[in-house]
Protein chains: 2
Amino acid sequence: MKLSKLVGERIKENPSGASLKSHILLLRAGYIKQVSAGIFSLLPPAQRVNLKIQNIIREEMNAIGGQEVLFPVVMPRELWEMSGRYTSIKDEMVRFKDRTGHDMVLGMTHEEASVHMALNTIKSHDQLPFMIYQIQTKFRDEARPRGGLIRVREFTMKDAYSFHTSQEDLENYYKKVFDAYVRIYKRIGFKKFIAVKSDTGMMGGKVADEFMAVTDVGEDRLVICPHCSYSSNMEVAVSVKAQNDGQIAGELEEVFTGNAHTIEDVCVLLETDPAHTAKAVCFKTETDGKLVVVFLRGDYEVNEIKLQKLVRSELLPVDVEEFGLSGGNIGCLNLHLPEGSYVFFDETLKGLENFVTGANKKDFHLKNVSASRDLKDVEFVDVSFVKEGDHCAFCGHELKLTRGIEIGNIFQLGTKYTQSMGMKVTMPDGTTKEPIMGCYGIGVGRSLASIVEEKADEKGLVWPMTIAPWHVHFCPLRMDNENVSAVADEIYKKMLDACIEVLFDDRNVSVGIKLTDSELMGLPIRVIISPKTLANGQAEVTLRESGEQLFINLSDLISELKVLIQDEIDEIEEYAKSPKITYSEN
Amino acid sequence: MKLSKLVGERIKENPSGASLKSHILLLRAGYIKQVSAGIFSLLPPAQRVNLKIQNIIREEMNAIGGQEVLFPVVMPRELWEMSGRYTSIKDEMVRFKDRTGHDMVLGMTHEEASVHMALNTIKSHDQLPFMIYQIQTKFRDEARPRGGLIRVREFTMKDAYSFHTSQEDLENYYKKVFDAYVRIYKRIGFKKFIAVKSDTGMMGGKVADEFMAVTDVGEDRLVICPHCSYSSNMEVAVSVKAQNDGQIAGELEEVFTGNAHTIEDVCVLLETDPAHTAKAVCFKTETDGKLVVVFLRGDYEVNEIKLQKLVRSELLPVDVEEFGLSGGNIGCLNLHLPEGSYVFFDETLKGLENFVTGANKKDFHLKNVSASRDLKDVEFVDVSFVKEGDHCAFCGHELKLTRGIEIGNIFQLGTKYTQSMGMKVTMPDGTTKEPIMGCYGIGVGRSLASIVEEKADEKGLVWPMTIAPWHVHFCPLRMDNENVSAVADEIYKKMLDACIEVLFDDRNVSVGIKLTDSELMGLPIRVIISPKTLANGQAEVTLRESGEQLFINLSDLISELKVLIQDEIDEIEEYAKSPKITYSEN
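Rules used throughout
Residues numbered from 1 in each chain as written. Chains lettered and ligands numbered in written order. Predicted model: local features only at pLDDT ≥ 70, side-chain atom pairs only at ≥ 80, totals over all residues. Helix = DSSP H or I, 4+ residues; strand = E, 2+ residues; numbered from the N terminus. Buried ≥ 20, exposed ≤ 12 C-beta atoms within 10 Å, placed from the backbone. Contact = placed C-beta atoms within 7 Å. Domains from an automatic or database assignment. Axes fitted to C-alpha atoms, helices over the stretch in contact; angles between N-to-C directions. Parallel < 35°, antiparallel > 145°, perpendicular 65-115°, else oblique. Left-handed = near helix turned anticlockwise from the far one by under 90°. Nonpolar A, V, L, I, M, F, W, Y, C, P; charged D, E, K, R; others polar. Pairing = 2+ DSSP bridges. Least-squares fit on C-alpha atoms with pLDDT ≥ 70 in both. pLDDT = per-residue confidence, 0-100. Expected span 1.5 Å × (residues − 1).

1. Comments concerning the overall build of chain A
When helices and strands are counted, chain A shows 15 helices and 29 strands. Put simply, chain A has 586 residues, and 50% of those count as buried. For chain A, restricting intrachain contacts to residue pairs at least 6 apart in sequence, the fraction spanning at least 24 positions comes to 73%.

2. Let's talk about the domain arrangement of chain A
Parsing chain A into structural domains produces domain 1 (3-238 + 401-455), domain 2 (253-381) and domain 3 (472-577). For domain 2 of chain A and domain 3 of chain A, the distance between their C-alpha centroids amounts to 66 Å.

3. Digging into the packing of helix α6 (residues 167-188) of chain B against helix α15 (residues 557-577) of chain B
Residues and elements named next belong to chain B. For the pair α6 and α15, interaxial distance at closest approach is 8 Å and the crossing angle is 160°. On the basis of the axis angle, α6 is roughly antiparallel to α15. For α6 against α15, the interelement crossing comes out right-handed. For the pair α6 and α15, the contacting residues are R183, K186 and R187 in the first and I572, E573, Y575 and A576 in the second. By residue class, the composition of the contact of α6 with α15 is 3 nonpolar, no polar and 4 charged.

4. A look at the interface of chain A and chain B
A common way to report how large an interface is uses the accessible area buried once the components associate. If you look at the interface, chain A gives 47 residues, while chain B gives 47 residues. For the side of chain A that touches chain B, the elements supplying multiple residues, two or more each, are β1 (32-36), β2 (39-42), α2 (44-63), β3 (66-68), β4 (74-76), α5 (111-118) and β7 (130-139) of chain A. In terms of residues, the side of chain A that touches chain B owes the most to one element, β7 of chain A, which gives 5 residues. Residues that form the side of chain A that touches chain B fall into these classes: 25 nonpolar, 12 polar and 10 charged.

5. Re the pairing of strand β29 (residues 549-553) of chain B
Residues and elements named next belong to chain B. Of all 5 residues making up β29, only 0 are buried, and the element is barely covered by its neighbours. As paired strands, strand β28 (residues 538-543) and β29 are joined by 5 bridges and run antiparallel to one another. Residue pairing in the sheet places T542 in a bridge with Q549 of β29. The hairpin formed by β28 and β29 contains 5 residues between the paired strands, and G547 there has a positive phi angle of roughly 80°.

6. Examining the sheet that holds β29 of chain B
All names here are of chain B. Judged by pairing direction, the sheet is mixed, and its 5 strands sit side by side in the order β26-β25-β27-β28-β29 without closing on themselves. Because the sheet does not close on itself, it has two edges, and the strands there are β26 (502-504) and β29. Adjacent strand axes in the sheet meet at a mean angle of 25°, parallel and antiparallel pairs treated alike. Across the sheet, helix α12 (residues 482-497) lies against β25 (472-476), β26 and β27 (525-529), angled at about 165° from β25, the strand it touches most.

7. Details of the sheet that holds strand β4 (residues 74-76) of chain B
As a general point, the strands of a sheet are linked pairwise by backbone hydrogen bonds and lie either parallel or antiparallel. All names here are of chain B. One open sheet holds the 3 strands; their spatial order is β4-β6-β5, and the pairing between them is antiparallel. At either margin of the open sheet sits one strand with a lone partner, and together these are β4 and β5 (95-97). Each strand of the sheet is rotated relative to its neighbour by a mean of 35°, with strand direction disregarded. Of the pairings in the sheet, the one linking β4 to strand β6 (residues 103-106) comprises 3 bridges and is antiparallel in character. Within the sheet, the bridge partner assigned to M75 lies in β6 and is V105.

8. Brief notes about the relation of the copies chain A and chain B
Least-squares fitting of chain A to chain B yields an RMSD of 0.1 Å, with the superposition described by an axial translation of 0.0 Å and a rotation of 180°. One copy is carried onto the other by what is essentially a two-fold rotation axis. Across chain A, the rotation axis passes nearest the C-alpha of F96 of chain A, at a separation of 2.9 Å.

9. Topic: the packing of α2 of chain A against helix α6 (residues 167-188) of chain A
All names here are of chain A. Taken N-terminus to C-terminus, the directions of α2 and α6 make an angle of 155°; their axes are 10 Å apart at the nearest point. Accordingly, the angle class assigned to the pair α2 and α6 is roughly antiparallel. Relative to α6, the crossing made by α2 is right-handed. Contacts between α2 and α6 involve I53, I56, I57, E60, M61 and A63 on the former and, on the latter, A180, R183, I184, R187 and I188. In terms of residue class, the contact of α2 with α6 is made up of 8 nonpolar, no polar and 3 charged.

10. Here's the deal with the environment of I122 of chain A
Note that I122 of chain A resides in the loop between α5 and β7. I122 of chain A gets classed as buried once you count the C-beta atoms within 10 Å, which come to 21. Separated by 41 residues in the primary sequence, I122 of chain A and F163 of chain A place their C-alpha atoms 10.0 Å from one another. Setting aside residues up to four positions removed in sequence, I122 of chain A forms contacts with Q127, L128, F163 and V425 of chain A together with V7 of chain B.

11. A word on the environment of L43 of chain B
Note on placement: L43 of chain B falls in the loop between β2 (39-42) and α2 (44-63). On the neighbour-count criterion, L43 of chain B (26 C-beta atoms within 10 Å) is buried. With 35 residues separating them in the primary sequence, L43 of chain B and G8 of chain B have C-alpha atoms 6.6 Å apart. Contacts of L43 of chain B, omitting those with residues within four sequence positions, involve V69 and M117 of chain A together with V7, G8, G30, Y31, I32 and K33 of chain B.

12. Some thoughts on the confidence of the model for chain A
On average, residues of chain A score 93 in pLDDT, and 97% of them reach the 70 mark or higher. Scored by ipTM, the complex comes to 0.90, with pTM at 0.90.

13. Considerations on the pairing of strand β18 (residues 355-361) of chain B
All names here are of chain B. Most of β18 sits inside the fold, with 6 of its 7 residues counted as buried. Across 2 bridges, strand β14 (residues 277-285) lies against β18 in parallel orientation. Across the sheet, the residue bridging to A278 is T357, located in β18. Bridge count between β18 and strand β19 (residues 364-369): 4 bridges; the pairing is antiparallel. The residue bridging G358 from the neighbouring strand is H365, located in β19.

14. Here we look at α2 of chain A
All names here are of chain A. Compared with an ideal rise of 1.5 Å per residue, which puts 20 residues at 28 Å, α2 spans 29 Å between its outermost C-alpha atoms and is within 8% of the ideal. Of all 20 residues in α2, 14 are buried; the element is thus mostly enclosed. Immediately beyond the C-terminal end of α2, within one or two residues, lies G65, with a positive phi of roughly 80°.

15. Digging into unusual backbone geometry
Residues and elements named next belong to chain A. Note that the residue after L128, namely P129, is joined by a cis bond; omega there is -5°. In this structure, P129 sits in the loop between α5 and β7. Residue D363 is not a glycine yet carries a positive backbone phi of 70°. A positive phi angle, close to 60°, is found at C499, a residue other than glycine. Along the chain, C499 falls in the loop between α12 (482-497) and β26 (502-504).

Written as structure tokens, this is what we have:
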């Protein structure tokens, strides 16, 4: 490809409105162009990366027996009503009426379509297990698209669905997909990624893992144990909470605290710290408007995801006065709640001594509360977020909190969709059974942007050899020099003949522009020739990632380039052979 | 791939509601499944064909310098307002509001998106020409989806857009795309296809060609000259009309015809034939409600596409009495029309003698009308359809009328989109110019269905080797026989090791089911082993298309299969080397 004809433009300045590295660089290097909020066109270099990532995914899905199919983008309402999701999914799903007035939706996921394909097609247990997958455009009407390709409304996704006759079979296959995912991310070039347990959310399943590109700019909060293999999305992370092994300090004492209603104010007034308080956090259930009160140590935060599971409802904010309580003075002793209310004591209170809580009386708090003495019949539950300083529940080491971008997820779905859509297969004993499903997604564009987040540096993009749009950026300097331009044409032709994927900067522009553009575009190998290198019969070869520089005789150039390219591909493929996640900070 | 796990079901009976061969067979062989009217899922075999067709298209687009990109499926109203098509395209385009109330559309074509990509990105003449293309899902809300994949609402399409600084440059590139298209269809396996001149319709361009799979079941009517290279869509076809070299028969004569208002009734009454009448066909312009009267020979039909171009408006039905005319008695002599009305005399009347026309008087017609005498100042125009018996306007031979399915089209667009969207490039002399565009489409799914129409026989599908989902259908009979099943497993493994694309019918079902299924699914080569063939150390190999049968020693099987596969691929590729269309009836 000649750069002079490549559609796209390199821009020097950071575009306004972009803050993420991947967003800025993909715009500046001419890889993407925004068409609407969260909707982008991919320019030729990005589409080349996109197709290469798709091919890696396709190969690994095929290797575990996946059968590629294509589901529709547009589906009729009826299909989504069978599963109940036509109403349960809110504004993220686009709905419209077709010209006949029929309700249609834009697919944001394809569980229903996958069961529809299997329904009446797969009838017998011996046709199972099987996995079908597609790589396709999806639309999800995100409320807050942001970050370039990180959080978009339209995106290319690989989604896969497996069908099994037993939970055991699903679990075996789930493990295979897990391993395939690890290979996929490694082959794409990721080093900093992990798999975490996650909440199953609207998918309605039980076990789920998320694959996370670990980066400070990620939207997801992650908990990692640097010692054992434990890692988790903050939403479902567990930990051994930092304990305060205090003494029982004395008798309960009611103290006037007046307008001090927040933990901070109370701590200042009573000369203590949030770790020696039990705060109350209140909600109302969405389903039936019941009051929910959670007590937890003052320096922790309520994890609403965990709490929702206990009350089996979404949670709404509440005005506690409505329920006859004194806001700012709610405490864990002598609390009188309306019938049907929920009250939970978080495990951060377990063993806590000598702490402060509300007195359930306007303007008063209690001092010297003791969990062992005053809360001895209480059952403690885990409804708090993990916090810096907590320890691993499995190995005891101190946990690390970090952030990540979700680049894939896998779910054990159960029978939610086969049951609601009436799919059954005949078992060997003649009975029928609803197949148990797994589903498995990878965001292609988000993977592309996340690898940029991991690899790019201050000069621009840095592509791994396996997904680089081209392998070589051929950059002859001084194209106005007849010798340079003649040799350049000759070398370019040889590269094409040798099937080297090359971007040829055939422009007659300044050295500065050529070098800056090449660093910005991020191809793995840059080859420079100039009057100076030609005088030595050489080309200057620079590796984008390491910065390593080589001078290679022109006669060996093509063969040496082929070796450099193949060596990096081999290295990545070798690394990908093991499905072990070897994430480290470095 | 083992057939026992292949998602999809072979069905014996013809599905109700399907009449086209491709629709019936793709359903019966387990290739497609309908999700909604005009919306299908592709099962694994169809998706394999789909990807192979896409790859052929991709290779040929890249070979003529095409740069693959990806435009969004969902686009904002603003983009389509710039070109004026937000309002000019009617119900076929899906419109919806996103969660913020913003008007969005589903892309049914991407001229606007392609200009958007180039806008502010391409600035100078030396960046032109260039061509960008994508292969992507489109949605077009067809009023009457039908025929399986032939006329759908959702489909995969390759759409390409080229940009040029001169008409000459566009025309040169247009020719290259034309040739690439011919190679694409040949490589897919088409023999019966042609290119025809066509109407540019809503695309708003000037020159356009359509590629047509020639088949009796096509929706498009085609005109072909079997002698010279002339071929055309009926909509714009021209011809030398069958002449009647009659004599002037005598004086004009007004005759009472009473209730005989149709050509048929008048002919019976006056003992003549439609070829000796001049009928009047009337319309109203949509733009300003003007009357349009067309006179043409009674055995021809008005071509509204041609007529619309003359009056520059869509046409509506009309009640002629409103305009003071006597319906059924309108004639081409002494006609008095309201001011501003249009009247056209079709060239079928040129040289016509001794004919009947309305007398422009209730219940009367005129006899013995003579074009040379009574219409001597008239300018004849071409507003009629070509008819069986007409002759080629270029070589004089008799034309053939047939039908076709449009499998691709190419347009010289002009500056409609660059102008309306304000895209300009700087020319060498410092002036600016709006690039001239071409656009080029191929329907992937429709090509898939059309090749089925061409190749399939009464037993089922027949795939050309270049796009077959698998090359070999391996069909061991009597899998309950231990020897057969052991040898089968061994051969299957060897095929996989040799990278032969094979579908292995590993089921233990009857010979009849196995053979019928293999014929229905249509893979190019069937390999049978059975206790009988194994006794001779042989496999029975049948070529699906020709029916040719070979017995091959097991020791040579793998190498022979590779030769058979490669030979057919080579043959197709050789045939595709010439961009000449070599359509023949046989």
